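Observations on the three-dimensional arrangement
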Amino acid sequence: MLNKVSAYIHRHQLLTPEGRYIVALSGGADSVALLLILQQLGYQIEAAHCNFHLRGQESERDERFVEQLCQQRHIALHRAHFDTQAYARLHKVSIEMAARELRYRYFEQLRQDLNAQGICVAHHQGDSIETVLINLVRGTGIHGLTGIQPRQGYILRPLLCISRQDIERFLQQAQQDYVTDSTNLIDDVVRNKIRLNILPLLRSINPSVDEAILLTANRLSDVARIYDEAMKTSMAAVASGKYVDAESQPVEARKTSVDLELLSRQTAPEAVLFELLSPLGFSPATIEQIYAHLDADSGRTWTSATHEVAIDRRRLLVEPKTPPPAPMRLPEPGTYVGHDGQRLRLTLKDGCFIEKKASLACLDAEKVVFPLTLRPVATADRFTPLGMKGTRLVSDFLTDLKFSVFQKRRQMAVCDALGTIVWLVGLRIDHRFRVTENTRKTLVMETSHTASRALCDPDGEECSCWDSCC
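Now for a look at the structure at hand. (Residues numbered from 1 in each chain as written. Predicted model: local features only at pLDDT ≥ 70, side-chain atom pairs only at ≥ 80, totals over all residues. Heavy atoms only, no water.)

Time to look at helix α8 (residues 190–205). Three or four residues apart is the spacing at which side chains of an α-helix point the same way, because the helix has 3.6 residues per turn. For α8, which comprises 16 residues, the first-to-last C-alpha distance of 21 Å matches the rise-based estimate of 22 Å (1.5 Å per residue) to within 8%. Maximum bend of α8: about 35 degrees, positioned at I198, with proline P200 one to four residues after it. Tucked into the core, α8 has its buried residues touching α6 (125–138). (Helix = DSSP H or I, 4+ residues; strand = E, 2+ residues; numbered from the N terminus. Expected span 1.5 Å × (residues − 1). Bend = angle between axes of the 7 residues up to and from the residue. Contact = heavy atoms within 4.5 Å.)

Here we take up the pairing of strand β8 (residues 256–259). Note: strand β7 (residues 239–240) against β8, two bridges, orientation antiparallel. When the sheet's bridge partners are listed, S240 is paired in β8 with S257. Relative to strand β11 (residues 315–320), β8 runs antiparallel, the two being bridged by four bridges. When the bridges of β11 are listed, V258 appears paired with L316. (Pairing = 2+ DSSP bridges.)

The next subject is the packing of aromatic side chains. By the definition in use, this model includes five aromatic pairs. Seen from their ring centres, F52 and F82 are 5.7 Å apart, and the 25 degrees between their planes marks the pair as stacked. Highlighted residues: F52 in the loop between β2 (44–51) and α3 (57–73) and F82 in the loop between β3 (77–81) and α4 (84–91), separated in sequence by 30 residues. With respect to class, F52 is no different from F82; both count as buried. Both rings, one in F383 and one in F397, keep their centres 5.3 Å apart while their planes meet at 85 degrees; by these two values the pair is edge-to-face. Highlighted residues: F383 in strand β17 (residues 382–383) and F397 in helix α13 (residues 394–400), separated in sequence by 14 residues. An aromatic cluster of three or more residues is present, and its members are F52, F82, Y104, Y106 and F107. Positioned above the aromatic ring of Y154, the side-chain terminus of R111 is 3.4 Å from the ring centre. Here the basic side chain of K349 rests over the ring of F353, its NZ or CZ set 5.1 Å away from the ring centre. (Phe/Tyr/Trp six-rings, centres within 6.5 Å; stacked < 30°, edge-to-face > 60°. Buried < 20%, exposed > 50% of the residue type's maximum accessible area, 1.4 Å probe, protein only. Lys NZ or Arg CZ within 6 Å of the ring centre and 35° of its normal.)

Before going further, it helps to examine the sheet that holds strand β16 (residues 372–376). Taken in spatial order, the five strands make up an open sheet running β12-β16-β19-β20-β21, and their pairing is antiparallel. Sheet topology places β12 (328–330) and β21 (428–429) at the edges, where each strand pairs with a single neighbour. Sheet analysis places β16 next to strand β19 (residues 412–415), joined by four bridges and oriented antiparallel. Paired with T373 across the strands is C415, a residue of β19.

Let us look at unusual backbone geometry. Across the junction of F370 and P371, the peptide omega takes the value 0 degrees, indicating a cis bond. Note that P371 resides in the loop between β15 (360–364) and β16. For R313, which is not glycine, the phi torsion reads 50 degrees and is therefore positive. Its location among the elements puts R313 in the loop between β10 (307–311) and β11. A positive phi is found at K402, a non-glycine position, where the angle reads about 65 degrees. Among the secondary structure elements, K402 is positioned in the loop between α13 and α14 (405–410).

Below you can see the structure in the form of structure tokens.
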């Protein structure tokens, strides 16, 4: 047993002799075996126990057992107590999810406090088999069928090479007792139903079903690695923007533009779309719907909790969901700074002054009625673009400039006291407020950056300010 676990640890480079590790110790057979095995293999370990106060006296019994075991083995023990039911109510999650979140949050904080190299948990082959079946029942991608992995960040699983029967034999030979969680004997949650009902039925059909599932999961792990490499190549081929450098970007900040023509040429375009969008919170059903409507008119959108997707002229744009900028009142000439750091400076100049610059607007000051307001454009907004007669819908004007639905939402306008747009920021002033030879005083408005992709590069490929203005 020790040789088998030691070989598994070395093969997956899970632990090092000089490292310090935390063992998640519940008192059950699996975690007790893990504690004994790692100690006998000579690793530097400390134990951590969580009391979730869910099973009355049984929870107290487990804690006392763990304390006595660590004293006998001269292993440092760290303990945490949680009001799990209150946490579940507050966060509107199941008791199982609440316990999981509390447990792993505590383990990670303890790891940092102890400067430990990892947290060892006692998942074994049976747990991996159950996970494969759970994912299969719920519906999953290829990774869900590969079982539990030996390493997940700082979470380490040295016992995935052995079975529950191996663990029980090891503890029996070591004459080491353990506690039993009575809730594991009740088929009230999915994992217990699979362990107590489904797996025994499958074993009656094929006595070697455990080995068959593990063998399939191992083969799929190899397939998954090939799949990941292929998806990485395809994603880089079809996507541009922050998502290409996704590993260094927090999920909530990722944005991308997908070339739909290039996407259609991929071997498995829907799979590529799934890999692009699923990390951003889009469900498989939503991704399937998006894929079925890639030929929709520009402007069609879908949302997840954190991101939005829009069709835009044979592209699929993906951006984080952001609240619209708050309107800002401009009561008089001066310099104003918005919540996003954008500056807007209003100055008065004598006589007729005109300077052609995207970030600057020159208006006849006598025609502009203060206070002004800087705000996002609205659906029904109209204005008279410079050089034209009659008014136009701002939305139509932006469409002519090939603005996406996201750019339209970000477009800002300066309105006078009567609500009339005097400047579509970075794009065009209203013809009625233009400077003429009769102008006696010019109001100059200048912003620190524009909100127009069209002012940079119509196709968005050579824009040097993608982040702030495109």
